[in-house]
Amino acid sequence: MINFTPSNVAFSIGPIQVYWYGLAYVAAIVAAYFVVTHEARRRSLDASLVADGLIVVAVAALIGGRAYHVIDQWNNLYANDPAKVFLPPYTGLGVYGGLATGAIALLVYARWKRQPFWRWGDVIVLGVLTAQVVGRWGNFFNQELYGPPTNLPWGIAFDCEHRVQAYLCPPAGTVAADAHFHPLFLYESLASLAGLLVLTWVLRRFVGRGRPLMTGDVAMLYFVWYGIERAALETFRTSYDWTFFGIPTAQLVGLGAAAVAIA
């Protein structure tokens, strides 16, 4: 089992602290840039647009992802201290919020540059999966995104101060201080890596003139893949704030997105 519990601060420059979560977000964007640029060139798209476009999409995704996370975790993290919404150290981003605002930004940017939105969509989703593979490790340093206690060899320890209500340490709770938990951030990172490999293969093998899939199908397949992936992982989580008739909103959004994409 993994007993290492990291600090969320990577390093300090005088009074300024640089957090691992922020570095993970930057690393995710850089990794996505290389993947998207490479694939754009393969598909005869204007790769010179990637750098500026990725900045626009990343900023929009950051805003939407933060908003979704704050709504989702309002009672747990922010209700008693709303200033934490805007002040570091940040505790997370909601992927669905980021996907929504990022997709809108991509649509606007593609129309502005007179680019084929769906052709770019097929390529961009590979960058999104890459970003998820890398960026989810920011959750490790923030000690968040985990499931119930486990005795599996890859179970990971979390400090008492980072426990959700259901897994509080004694005397406030009943879960031992040395307990280990399912690392959902790792599960999602690995599942996204598998999705990246599968969707890259599908795009290169089956999309194009005279081939069975249409332009835009891989973009839709991303929502099928990630929607089912996230809905499955949500079964491990507890202490939800944002629910609909008792069902976690993230599950409903994931399965709904998959259904719409399949249709």
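Shown above is the structure to which this text applies.
Quick notes on the rules
- Residues numbered from 1 in each chain as written.
- Predicted model: local features only at pLDDT ≥ 70, side-chain atom pairs only at ≥ 80, totals over all residues.
- Heavy atoms only, no water.
- Helix = DSSP H or I, 4+ residues; strand = E, 2+ residues; numbered from the N terminus.
- Rg over C-alpha atoms; globule rule 2.2 N^0.38 Å.
- Contact = heavy atoms within 4.5 Å.
- Areas by Shrake-Rupley, 256 points an atom, 1.4 Å probe, with all protein chains shown as cover.
- Lys, Arg positive; Asp, Glu negative; His and termini not counted.
- Charge placed at Lys NZ, Arg CZ, Asp CG, Glu CD.
- Buried < 20%, exposed > 50% of the residue type's maximum accessible area, 1.4 Å probe, protein only.
- Phe/Tyr/Trp six-rings, centres within 6.5 Å; stacked < 30°, edge-to-face > 60°.
- Lys NZ or Arg CZ within 6 Å of the ring centre and 35° of its normal.
- Core = buried A, V, L, I, M, F, W, Y, C linked by side-chain atoms within 4.5 Å.
- Salt bridge = Lys/Arg side-chain N within 4 Å of Asp/Glu carboxyl O.
- Polar contact = N/O pair within 3.5 Å; in protein donor to acceptor, adjacent residues only side chain to side chain.

A. Fine view of the overall build of the protein. Broken down by element type, the protein carries nine helices and six strands. Whereas a compact globule of 263 residues would reach a radius of gyration of roughly 18 Å, the protein reaches 19 Å, a difference of no more than 12%. The C-alpha extent of the protein, read off along each of the three principal axes, is 65 × 45 × 35 Å. For the protein, the proportion of contacts with a sequence separation of at least 24, taken over those separated by at least 6, is 69%. When the accessible surface of the protein is split by element, carbon and sulfur atoms take 67% of a total near 13,700 Å². Between the centroid of the 17 positive side chains of the protein and the centroid of its 15 negative side chains there is a distance of 14 Å.

B. The environment of Asn 76, seen in detail. Along the chain, the position of Asn 76 falls in helix H3 (residues 74-78). By relative accessible area, which is 35% here, Asn 76 ends up partly exposed. The spacing of Asn 76 and Gln 165 is 89 residues in sequence and 8.2 Å in space, taken between C-alpha atoms.

C. Spotlight on the packing of aromatic side chains. The full count for this structure, using the stated rule, is 21 aromatic pairs. Stacked on the ring of Trp 112, the Lys or Arg Lys 113 has its end atom at 4.3 Å from the ring centre.

D. Region of interest: the nonpolar core. Within the largest apolar cluster, 17 residues are counted, with the highest numbers of intra-cluster contacts made by Tyr 96, Leu 99, Val 125, Leu 199, Val 218, Tyr 222 and Tyr 226. Of all the elements in the fold, those that place two or more residues in this core are helix H4 (95-112), helix H5 (117-135), helix H7 (184-206) and helix H8 (217-234). Every residue in contact with Tyr 222, bar those within four places of it in the chain, is listed here: Leu 99, Val 125, Val 128, Leu 129, Gln 132, Leu 199 and Gly 227. Among the nonpolar cores identified, the runner-up in size contains 13 residues, and Leu 145, Tyr 167, Ala 179 and Phe 181 belong to it.

E. Structural detail: the side chain of Arg 163. Summarising the element assignment, Arg 163 is placed in the loop between strand E3 (156-157) and strand E4 (180-181). Although Arg 163 is buried, it makes no salt bridge; Asp 178 carries the closest opposite charge, 6.7 Å away. A distance of 3.1 Å separates the side chain of Arg 163 from the backbone oxygen of Phe 158, its partner in a polar contact. Among the polar contacts made by the side chain of Arg 163, one reaches the main-chain carbonyl oxygen of Ala 176 at a distance of 3.1 Å. Residues in contact with Arg 163, not counting those within four places in the same chain, are Tyr 146, Phe 158, Leu 168, Cys 169, Val 175, Ala 176, Ala 177, Asp 178, Ala 179 and Phe 181.

F. Just the pattern of salt bridges, in detail. Evaluated as defined, the whole model comprises five salt bridges. A salt bridge links Glu 39 to Arg 204, with the nearest nitrogen and oxygen atoms 2.9 Å apart. With a gap of 165 residues between them, Glu 39 in helix H1 (residues 20-42) and Arg 204 in helix H7 connect regions that are remote in the sequence. Note on Arg 204: relative accessible area 33%, which makes it partly exposed. Where Arg 230 meets Glu 234, a salt bridge forms, and the shortest distance between an N and an O atom there is 2.7 Å.

All we've got here are geometric facts, nothing functional implied.
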